[in-house]
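# Overview (structure and organization)
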Amino acid sequence: MTAVSGSCVHVPLALSRPAACRLPRRCACAALAAAGREPTALQAVAGARPAATQPVAEPSTRPQPCVEVFPAMIASRLTDDNRLFVESHRIRGNEVGPNQRMTITSIATLLQEAAGNHAVAMWGRSTEGFASDPSEGGLIFVMTRMQIQMEYYPRWGDVVQIDTWFQEDGKLAAQRDWSVKDKATGRVLGRATSTWVMINMQTRRLIKLPPSMRAKCEAFQLKPPRHAIPRECTRQKLPELQLPAEIVGPVQVARRSDMDMNGHVNNVIYFAWALETVPSDVYNNCHLYQLEIDFKAECHSGELVESLAGRCDTHDKLLSNGAGPDGLSFIHVLRRCQGEACTELVRIRTTWRAGEPV
C-alpha cells in the first residue's frame, strides 16, 4: 500500500529477500557446489562447509625453450681515443649459405657497413655518395682495392665483432683495415684491408685530399699504424687472364637493385659474379681463404657484364700465410663489351685451401 502526502508518493521499502536469496547460507553453498561452482569467501562464512581440496596438478610436459633471452647488441662506438670503431652483428639467415656459414659476399657487406658507420661517426651523415664528409661537397671516397682473408666463417646466429680503423697511405690515398672476431670468445675469424681515394663526383677524376680533410684524417687515424694483414702479404700484383679464357661464366645484367649510393654497381656484387666461374668441385669442397680485387672501371644499370676465369699460380707469400702448400688460385675478370671493344671492370684473385670445406 502506498500513502500520499501532499504531492509526494511514499513507497515502502521491500524488506523481504528475493526468492533466490532466501536459502540458508549452508544451503546456498551447497547449491553452488551442485552447480559446479566454488563458493566465494563471503558465501563460505557463517558455518558454511569448506570447499573440497583440489588435486595436485601433474607436472607440465610442455617443451621448454632452449634460449629465452637473446642478448642485445652493444652499441657501435668509437674507442681508443676515437681512433678505432667497433660494431657487433648477429648473423642473419639471409647472410648464410646451405651449410649455415656466412658467405664471402655477406662478409664483405658487413665490412662495408662498418666502414660507412665509422665515417658517419667521424663527420656525420652525408647525402652525397658513400662514406663522404658532408662538409666536403661534391667529393667522395671510393675503394680501388680490397683484400679479405677468412680463417673461419661464422654460423647463422653467431655474434661477430667488427673492428675497423684507417690511416693515410701516401699523398693521394687512405688505407682502411678490419678485424672480424667471434664476440663470445674473442677469436679472430678474418681480416681485411683496402685502399681508398677521393674523387670529384662531377668530373669523376681523382683529386688530392684537401687540407681540411687531411686534418680530419690526422685527428681520427690510428696511431701508431696497424695492419690487419702483414704488409708483405698485401698488394701483390694480380696476373693477366690468358685469353681465350679457361672458364666462361654466365653473362650478368647490372640491375637497378645492384646500384649503390655512388650510382654504380656495389662492390659486393662483383664478388658474387666472379664466384659463378669457380668450378663446382672447388666451390663445394674447398675453403675460400682469400679474395683480392682491383676496381678498374664503373658499371651502371642495364649494362651486360662477361665473367671469365682461369687457374693461376698461388703467390709464395700466400702459401706460407694461410693458404697452405696445396692452395688453389683463380684469376677472374669481369668486363663490359660493346662489339669488339671490351672494358675491364674488375680483376679478382681467389685462393682456396684444398680439401677443407668452408
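Scroll up to find the structure.
One structure accompanies this document, and this report is about it. Every value quoted in this text rests on a predicted model; they were computed, and no experiment measured them. (Residues numbered from 1 in each chain as written. Predicted model: local features only at pLDDT ≥ 70, side-chain atom pairs only at ≥ 80, totals over all residues. Heavy atoms only, no water.)

### Considering unusual backbone geometry
Pro224 follows Lys223 through a cis peptide bond whose omega is -5°. Along the chain, the position of Pro224 falls in the loop between helix H3 (211–220) and strand E10 (247–248). Although it is not a glycine, Asp81 sits at a positive phi angle of roughly 60°. With respect to the helices and strands, the residue Asp81 is situated in the loop between strand E3 (77–79) and strand E4 (84–90). Here Asp81 falls in the exposed class, since its relative accessible area comes to 60%. Even without glycine at this site, Arg204 takes up a positive phi of about 60°. (Helix = DSSP H or I, 4+ residues; strand = E, 2+ residues; numbered from the N terminus. Buried < 20%, exposed > 50% of the residue type's maximum accessible area, 1.4 Å probe, protein only.)

### Regarding the packing of aromatic side chains
Tallied over the full model, the rule gives 4 aromatic pairs. Ring centres of Tyr270 and Phe295 lie 6.2 Å apart, and the angle between their planes is 55°; this geometry places the pair in the tilted category. Here Tyr270, found in helix H4 (residues 267–275), pairs with Phe295, found in strand E12 (residues 287–295); they are 25 residues apart in sequence, far enough to count as distant. Aromatic rings pair up to connect Tyr270, Trp273 and Phe295 into one cluster. A cation over an aromatic ring shows up here: Arg187 above the ring of Tyr152, its NZ or CZ 4.6 Å from the ring centre. Note that Arg226 overlies the ring of Trp165, its terminal NZ or CZ placed 5.1 Å from the centroid. (Phe/Tyr/Trp six-rings, centres within 6.5 Å; stacked < 30°, edge-to-face > 60°. Lys NZ or Arg CZ within 6 Å of the ring centre and 35° of its normal.)

### Observations regarding the pattern of salt bridges
It is possible for side chains of opposite charge to pair when their charged atoms get near one another. What the rule picks out here adds up to 19 salt bridges. Linking Glu151 and Arg353 is a salt bridge whose minimum nitrogen-to-oxygen distance equals 2.6 Å. Separated by 202 residues along the polypeptide, Glu151 in the loop between strand E5 (139–150) and strand E6 (159–169) and Arg353 in strand E15 (residues 341–353) bring together distant segments of the chain. With relative accessibility at 11%, the residue Arg353 sits in the buried group. A salt bridge links Glu303 to Arg336; the nearest nitrogen and oxygen atoms lie 3.3 Å apart. Taken together, the residues Glu303 in the loop between E12 and strand E13 (304–312) and Arg336 in strand E14 (residues 328–338) connect sequence positions 33 residues apart. With a relative accessible area of 17%, Arg336 lands in the buried category. (Salt bridge = Lys/Arg side-chain N within 4 Å of Asp/Glu carboxyl O.)

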